[in-house]
Amino acid sequence: MVILYWIFGRRSFFNSNIESIYFPSNLQKLDDKWYQSSNHLKKVIISPDNKHFKYADENHQIVIGKSDETKEDYDVIVVGSRDITNVKISNNIRIINTCAFKCCPQLEEVEIEPNSKLERIGSNAFSSSGIKKFTIPKSVEIIEPYCFSFCEKLQKVTIEKGSKLKSISPNLFIFCSKLKEVEIPEESEIKTIGNNAFYSSPIEKLYIPSSVKELENGWCERMSELNEITISPKNT
């Protein structure tokens with residue numbers, strides 16, 4: 001197949017069974033959700049003449065791109081192979097794209113290098129993956145809704161002290177059936193906990209720091225095991 005266009009548009013391969021795809025030299029841009037619900041992708045072949053995308057790892061399982069085409073920095077994780085088992089994210093990465101590791105059932109470990117510059121994690125980035133724990137670097141400002149949805153093996157999430165995260169987005173941890181612990185530090189910028197943020201999770205206790213100003217309607221919906229909420233004495 002010869003591809004003449006420089007962009008893959010939104011939902012270009014929606015709900016397809018594609019297992020491999022070729023990025024030609026003239027491919028410059030991938031729209032948000034360009035391969036939404038294409039959960040069988042195992043191999044991306046990048047033309048050696050393509051200056052916009054490259055591999056982040058020697059096994060060619062993670063594709064990275066640029067947030068700014070005027071610079072040489074490859075700072076965006078575009079997509080990961082659906083059979084990937086572990087991910088190491090270098091500290092220069094600023095963005096993890098929407099659906100980057102969605103439906104990666106064998107993915108159990110995500111390691112983010114110290115002094116991370118990660119700023120944004122897109123919607124469904126890790127949904128329906130096999131991760132068991134996740135540490136959110138303090139540099140992260142935005143995590144979009146459904147990022148960790150349906151992570152049925154996820155047990156613990158830690159938000160680093162000094163976090164710049166502004167909100168726990170709606171439906172962020174929806175249907176995480178083994179999620180027992182979410183560590184929210186006092187030293188954070190979280191202002192809002194969104195609707196259905198922890199929907200149907202078995203979290204037993206939760207800390208609300210002084211920065212939180214709003215608990216959206218339904219924020220603790222179907223949290224039947226939640227028996228302890230501690231509110232910072234500085235929250236007034």
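I will try to describe carefully the structure that is included in this document. (Residues numbered from 1 in each chain as written. Predicted model: local features only at pLDDT ≥ 70, side-chain atom pairs only at ≥ 80, totals over all residues. Heavy atoms only, no water.)

Here we look at the layout of surface pockets
Reported here for the largest pocket is a volume of approximately 430 Å³. Along its surface, the largest pocket is lined by 23 residues, and Lys29, Leu30, Lys66, Val76 and Asn97 are the ones closest to its centre. Those elements that provide at least two residues to the lining of the largest pocket are strand 3 (29-30), strand 7 (76-80) and strand 9 (95-96). Counted by class, the lining of the largest pocket contains eight nonpolar, seven polar and eight charged residues. (1 Å grid on protein atoms, 1.4 Å probe; cavity = no way out; pocket = protein on both sides within 12 Å on 5 of 7 lines; lining within 4 Å. Points joined across faces, edges and corners; volume = space filled by probe spheres on them. Helix = DSSP H or I, 4+ residues; strand = E, 2+ residues; numbered from the N terminus. Nonpolar A, V, L, I, M, F, W, Y, C, P; charged D, E, K, R; others polar.)

Things to note about the pattern of salt bridges
Per the stated rule, a full pass over the model turns up seven salt bridges. Linking glutamate 204 and lysine 180 is a salt bridge whose minimum nitrogen-to-oxygen distance equals 3.3 Å. One end of the pair, glutamate 204, is in the loop between strand 17 (192-193) and strand 18 (205-208); the other, lysine 180, is in the loop between strand 15 (167-168) and strand 16 (181-183), with 24 residues separating them in the sequence. What makes lysine 180 partly exposed here is its relative accessible area of 39%. (Salt bridge = Lys/Arg side-chain N within 4 Å of Asp/Glu carboxyl O. Buried < 20%, exposed > 50% of the residue type's maximum accessible area, 1.4 Å probe, protein only.)

Observations concerning the nonpolar core
Ranked by internal contacts, the top residues of the largest apolar core, which has 49 residues, are Ile96, Phe101, Phe126, Phe148, Phe173 and Phe198. Residue assignment for this core shows that the elements contributing at least two residues are strand 6 (62-65), strand 8 (86-89), strand 10 (109-112), strand 12 (133-136), strand 14 (156-159) and strand 18. In contact with phenylalanine 173, other than residues within four places in its own chain, are Phe148, Leu154, Val157, Ile168, Leu179, Ala197, Phe198 and Tyr199. Leu27, Leu41, Ile46 and Val63 belong to the second-largest nonpolar core, a separate cluster that totals twelve residues. (Core = buried A, V, L, I, M, F, W, Y, C linked by side-chain atoms within 4.5 Å. Contact = heavy atoms within 4.5 Å.)

Regarding the sheet that holds strand 14
An order of 12-14-16 is seen for the three strands of this open sheet, with the pairing classed as parallel. The sheet is open, and its two edges are formed by strand 12 and strand 16, each paired on a single side. Pairwise comparison of adjacent strand axes, ignoring direction, gives a mean angle of 5° for this sheet. Judged from the three bridges that link them, strand 14 and strand 16 form a sheet pairing that is parallel. Its bridge partner being in strand 16, lysine 156 is matched across the sheet by glutamate 181. (Pairing = 2+ DSSP bridges. Axes fitted to C-alpha atoms, helices over the stretch in contact; angles between N-to-C directions.)

Quick word on the sheet that holds strand 17
Judged by pairing direction, the sheet is parallel, and its three strands sit side by side in the order 15-17-19 without closing on themselves. Every other strand in the sheet has two partners, leaving strand 15 and strand 19 (214-215) as the edge strands with one partner each. Pairing analysis gives two bridges linking strand 17 to strand 19, with the strands arranged parallel. The residue bridging threonine 192 from the neighbouring strand is glutamate 214, located in strand 19.

As for unusual backbone geometry
For serine 200, which is not glycine, the phi dihedral falls at a positive 65°. Position of serine 200 among the secondary structure elements: in the loop between strand 17 and strand 18. Unusually for a residue other than glycine, arginine 222 sits at a positive phi of about 55°. Take arginine 222: it is sitting in the loop between strand 19 and strand 20 (228-231). According to the relative accessible area criterion, arginine 222 is exposed, its value standing at 52%.

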